[in-house]
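Each chain is listed here by its residues.
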Amino acid sequence: MTHEQILLRLKENIQLVYRQSVDADHSIEALRKDDKAKFSAIFGDSTPFTTRSNLFLPYVEELAADLLAVQQASDDKSFEQGLATLVKKIELMFSTLGAFKTNLKA
């Protein structure tokens with residue numbers, strides 16, 4: 001796969017994460033109105049994210065910034081390192097959003 005193809009797939013995945021995050025953030029706001037969402041951050045300190053927020057969209061913004069950094073990588077080593085971190089973050093977002101959606105249904 002070329003760098004361009006990899007970047008296209010990453011962009012597509014981030015767009016999916018964005019759509020799911022918008023829905024999840026709406027659910028969180030509804031839970032807050034019922035005084036049920038009392039957490040301070042989606043992810044703790046032991047994740048690859050530097051963002052700390054009680055909503056998902058700020059994490060999507062971090063993904064977008066990471067994607068831009070990967071796109072602008074000046075060499076293969078920087079590209080691969082940025083790519084590895086970005087993929088971990090995307091996987092973590094998908095698994096967390098999935099768990100959140102499942103818990104909402106329960």
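Owing to the predicted nature of the structure, the values given are computational and were not obtained by experimental measurement. (Residues numbered from 1 in each chain as written. Predicted model: local features only at pLDDT ≥ 70, side-chain atom pairs only at ≥ 80, totals over all residues. Heavy atoms only, no water.)

Participant: Just checking my understanding: could you explain helix α1 (residues 3-33) for this structure?
Facilitator: Structural remark: α-helix, 3.6 residues per turn; residues separated by three or four positions point the same way. Its 31 residues give α1 an end-to-end C-alpha distance of 44 Å, which sits within 8% of 45 Å, the value for a rise of 1.5 Å per residue. Every buried residue of α1 is listed here: Ile 6, Leu 7, Leu 10, Ile 14, Val 17, Ser 21, Ala 24, Asp 25 and Ile 28. Buried residues along α1 sit in contact with α2 (57-71) and α3 (76-105). Residue Asp 35 follows α1 closely and has a positive phi angle near 60°. (Helix = DSSP H or I, 4+ residues; strand = E, 2+ residues; numbered from the N terminus. Expected span 1.5 Å × (residues − 1). Buried < 20%, exposed > 50% of the residue type's maximum accessible area, 1.4 Å probe, protein only. Contact = heavy atoms within 4.5 Å.)

Participant: When you look at the layout of surface pockets in this model, what are you seeing that I'm missing?
Facilitator: If you roll a probe as big as a water molecule over the atoms, it shows you where there is empty space left. Approximately 150 Å³ is the volume found for the largest pocket. Contributing to the lining of the largest pocket are Gln 20, Asp 23, Ala 24, Ser 27, Leu 97, Gly 98, Phe 100, Lys 101 and Leu 104. Listed by contribution, the elements that provide at least two residues to the lining of the largest pocket are α1 and α3. Top contributing element to the lining of the largest pocket by residue count: α3, with 5 residues. (1 Å grid on protein atoms, 1.4 Å probe; cavity = no way out; pocket = protein on both sides within 12 Å on 5 of 7 lines; lining within 4 Å. Points joined across faces, edges and corners; volume = space filled by probe spheres on them.)

Participant: Would you mind going over the packing of α1 against α2 with me for this structure?
Facilitator: Axes are the key here: two packed helices are described by the angle between their axes and the distance separating the axes. It is at 9 Å that the axes of α1 and α2 come closest, and there the two elements cross at 170°. By the angle between their axes, α1 is roughly antiparallel relative to α2. For the pair formed by α1 and α2, the contact residues are Leu 7, Leu 10, Lys 11, Ile 14, Val 17, Tyr 18, Ser 21, Val 22 and Asp 25 on the first element and Leu 57, Val 60, Leu 63, Leu 67, Val 70 and Gln 71 on the second. (Axes fitted to C-alpha atoms, helices over the stretch in contact; angles between N-to-C directions. Parallel < 35°, antiparallel > 145°, perpendicular 65-115°, else oblique.)

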